[in-house]
Amino acid sequence: MKLNFTGFSDPGLIRSNNQDAYYIDPEGRFFVVADGMGGHAGGEEASRIATGEIQAYLLANWESPKSSQELLEQALWGANQAILHDQQNHPERADMGTTVVAVIFRAPESPWCAHVGDSRLYRFRESHLEQVTEDHTWVARAIKIGDITLDEARSHPFRHVLSRCLGREDLHQIDVQPLDVKAGDRLLLCSDGLTEELVQQKIASCLQDTPWVDKAAISLVEAAKEHGGHDNITVVIVSLEENSH
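Residues numbered from 1 in each chain as written. Predicted model: local features only at pLDDT ≥ 70, side-chain atom pairs only at ≥ 80, totals over all residues. Heavy atoms only, no water.

1. A short note on the pattern of salt bridges
Keep this limit in mind: We define a salt bridge as a side-chain nitrogen of Lys or Arg found within 4 Å of a carboxyl oxygen belonging to Asp or Glu. In DSSP terms, a helix is any run of H or I states spanning at least four residues, a strand is any run of E spanning at least two, and both are numbered starting from the N terminus.
Considering all chains together, one arrives at 17 salt bridges under this definition. Here D231 and R15 are joined by a salt bridge, their closest N and O atoms 3.3 Å apart. Here R15 lies in the loop between β1 (2-10) and β2 (20-24) and D231 lies in the loop between α7 (213-226) and β10 (233-241), a separation of 216 residues in the sequence. One network of salt bridges, in which partners are shared, links R123, R125, E130, D180 and D185.

Right, dumping it as structure tokens:
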């Protein structure tokens with residue numbers, strides 16, 4: 001399969017700075033989106049450290065005998081440590097943290113995904129959009145156990161409260177999962193600046209209506225801005241295509 005991919009990040013309409021970061025391996029081996037928090041400099045720094053550490057770790061260990069699952073987990077643990085280390089050296093950034101979602105394509109294994117926080121991975125297949133990751137938020141848990149409905153969650157005052165993020169001593173688990181993909185699928189990695197503004201049907205229609213990944217990415221970001229653009233918006237789209245002979 002051939003991968004076509006693009007990434008796009010926009011500060012949105014309200015915030016003066018962009019605390020999101022993303023990294024796309026030029027060879028299409030891995031993709032990362034991070035959404036930082038914790039003060040003006042802190043959030044920006046946390047997401048930058050996370051994407052940089054993950055990139056460095058994966059590149060350095062790509063040929064190692066470790067499984068993709070191990071590589072991803074260790075890359076994210078390393079990013080967590082690097083942020084903690086930076087917090088110690090810069091007490092003014094002590095409260096910074098970041099979400100992260102990362103996908104790795106490392107043949108012959110199936111692709112894998114890892115995430116912490118509420119940056120998401122979606123899979124778009126045959127007009128159907130499916131959320132692959134499960135948010136590490138108070139609200140996602142409340143929905144799961146039936147305390148609140150999806151509709152209530154959209155406007156819940158605690159909807160931004162993360163139960164997990166990078167940059168915390170008490171991070172005990174990183175969720176990793178193998179991905180089921182086939183030619184024709186599109187993967188969307190995004191920060192919550194997209195999903196806060198757009199319902200799933202709207203995201204699906206942007207992916208459906210625009211065959212070119214670059215245009216699809218821009219149309220998603222523009223749509224999020226039309227719906228308010230309250231937060232930074234970052235999208236990475238990976239399109240899996242048949243090899244043309």
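2. A closer look at the pairing of β10
Just so we agree on the cut-off: Three exposure classes are used, based on accessible area relative to the maximum for each residue type with a 1.4 Å probe and protein chains only: buried under 20%, partly exposed in between, and exposed over 50%. Only when DSSP finds a minimum of two bridges between them are two strands counted as paired.
With eight of nine residues buried, β10 lies mostly within the body of the structure. Summarising the sheet, β1 and β10 pair through nine bridges and their orientation is antiparallel. Paired with S9 across the strands is T234, a residue of β10. Sheet topology note: the strand β9 (residues 186-190)/β10 ladder contains five bridges and is antiparallel. Bridged to C190 within β10 is V235.

3. Some thoughts on the pairing of strand β3 (residues 30-37)
Along a regular strand, successive side chains alternate from one face of the sheet to the other. Among the eight residues that make up β3, seven are buried, leaving the element largely enclosed by the rest of the structure. In this sheet, β3 lies alongside β2 in antiparallel orientation, the contact comprising five bridges. Across the sheet, residue D20 finds its bridge partner in β3, namely D35. Where β3 and strand β4 (residues 97-104) come together, eight bridges link them in antiparallel fashion. Bridge assignment links F30 to a residue of β4, and that residue is I104.

4. Topic: the packing of helix α6 (residues 200-209) against α7
Rules: Working convention: axes come from line fits to C-alpha atoms, limited for helices to the stretch in contact. Angles between N-to-C directions cover 0 to 180 degrees. Working definition: roughly parallel below 35 degrees, roughly antiparallel above 145 degrees, roughly perpendicular at 65 to 115 degrees, and oblique for all remaining angles. Handedness of a helix crossing follows the sense of rotation of the near helix relative to the far helix, less than a right angle counterclockwise being left-handed and clockwise being right-handed. Whether two residues touch is decided by their heavy atoms; if any such pair falls within 4.5 Å, the residues are in contact. Three residue categories are used. Nonpolar comprises Ala, Val, Leu, Ile, Met, Phe, Trp, Tyr, Cys and Pro, charged comprises Asp, Glu, Lys and Arg, and polar comprises the others, including Gly.
At a closest axis distance of 8 Å, the pairing of α6 and α7 adopts a crossing angle of 150°. With respect to α7, the axis of α6 lies roughly antiparallel. Judged by the twist between their axes, the crossing of α6 over α7 is right-handed. On α7, the residues that touch K202, I203, C206 and L207 of α6 are A216, S219, L220 and A223. Across the contact of α6 with α7, the residue classes break down as six nonpolar, one polar and one charged.

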